[in-house]
Amino acid sequence: MKYLKEYGYGIKELLQTTMVYFHLSNGFTVGQTEKGANIFISRSDYIYDEVFEKKGYYEVERMGLDGFYKMGEIKENNHTFDFWISSDNDWCHWFRIYYISKNYPIENF
């Protein structure tokens with residue numbers, strides 16, 4: 001519980017965070033940034049490529065902690081994308097805070 005408090009979350013998010021930890025959930029939205037991006041909690045070591053590919057989205061570019069995804073198989077990178085995902089460099093051993101484009105909540109995947 002101490003870790004959730006350090007990130008500004010609490011008992012309300014504990015059950016869902018536990019489900020993330022035990023791989024029963026891909027993550028859950030906890031809010032939005034000032035610019036409208038969704039903030040969500042997921043596993044600290046999770047790679048979303050497989051989850052996104054099941055819905056037809058493929059990574060077109062990666063810049064550090066930021067991944068950019070586009071619908072359909074990518075033949076060449078023309079620097080366009082449908083949505084992005086990013087994470088905080090800070091994390092605890094059982095969850096991490098992520099950000100995703102506003103029209104693409106993690107629950108849709």
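Residues numbered from 1 in each chain as written. Predicted model: local features only at pLDDT ≥ 70, side-chain atom pairs only at ≥ 80, totals over all residues. Heavy atoms only, no water.

I tried to follow the overall build of the protein on my own but got confused; where do I start?
Scanning the protein from N- to C-terminus turns up 3 helices and 6 strands. When the helices and strands of the protein are listed from N to C terminus, the series reads α-α-β-β-α-β-β-β-β. Since a compact globule built from 109 residues should have a radius of gyration of about 13 Å, the 14 Å found for the protein is in line with a globular shape. Taken over the C-alpha atoms alone, the protein extends approximately 45 × 30 × 20 Å along its principal axes. In the protein, buried positions account for 39% of the 109 residues. Put simply, 43% of the contacts in the protein that link residues at least 6 apart link residues at least 24 apart. Carbon and sulfur atoms make up 50% of the accessible area of the protein, which totals about 6,900 Å². Averaged over its 12 positive side-chain charges, the protein has a centre that lies 5 Å from the centre of its 16 negative ones. (Helix = DSSP H or I, 4+ residues; strand = E, 2+ residues; numbered from the N terminus. Rg over C-alpha atoms; globule rule 2.2 N^0.38 Å. Buried < 20%, exposed > 50% of the residue type's maximum accessible area, 1.4 Å probe, protein only. Contact = heavy atoms within 4.5 Å. Areas by Shrake-Rupley, 256 points an atom, 1.4 Å probe, with all protein chains shown as cover. Lys, Arg positive; Asp, Glu negative; His and termini not counted. Charge placed at Lys NZ, Arg CZ, Asp CG, Glu CD.)

In this structure, what is going on with the pattern of salt bridges? I would like to understand it.
Pairs can form between side chains of opposite charge once their charged atoms are near each other. Taken as a whole and assessed by the stated rule, the structure comprises 1 salt bridge. A salt bridge links Arg62 to Glu59; the nearest nitrogen and oxygen atoms lie 2.8 Å apart. Given a relative accessible area of 41%, Arg62 falls into the partly exposed group. (Salt bridge = Lys/Arg side-chain N within 4 Å of Asp/Glu carboxyl O.)

Help me understand unusual backbone geometry in this model?
Note on backbone geometry: most residues besides glycine have negative phi, and most peptide bonds are trans. Even without glycine at this site, His23 takes up a positive phi of about 60°. Tracing the chain through its elements places His23 in the loop between α2 (11–21) and β1 (28–32).

Just checking my understanding: could you explain the side chain of Ser25 for this structure?
With respect to the helices and strands, Ser25 occurs in the loop between α2 and β1. In this structure the side chain of Ser25 is engaged in a polar contact, spanning 3.1 Å, whose partner is the backbone nitrogen of Gly27. Apart from residues lying up to four places away in sequence, Ser25 is in contact with Met19, Val20 and Arg43. (Polar contact = N/O pair within 3.5 Å; in protein donor to acceptor, adjacent residues only side chain to side chain.)

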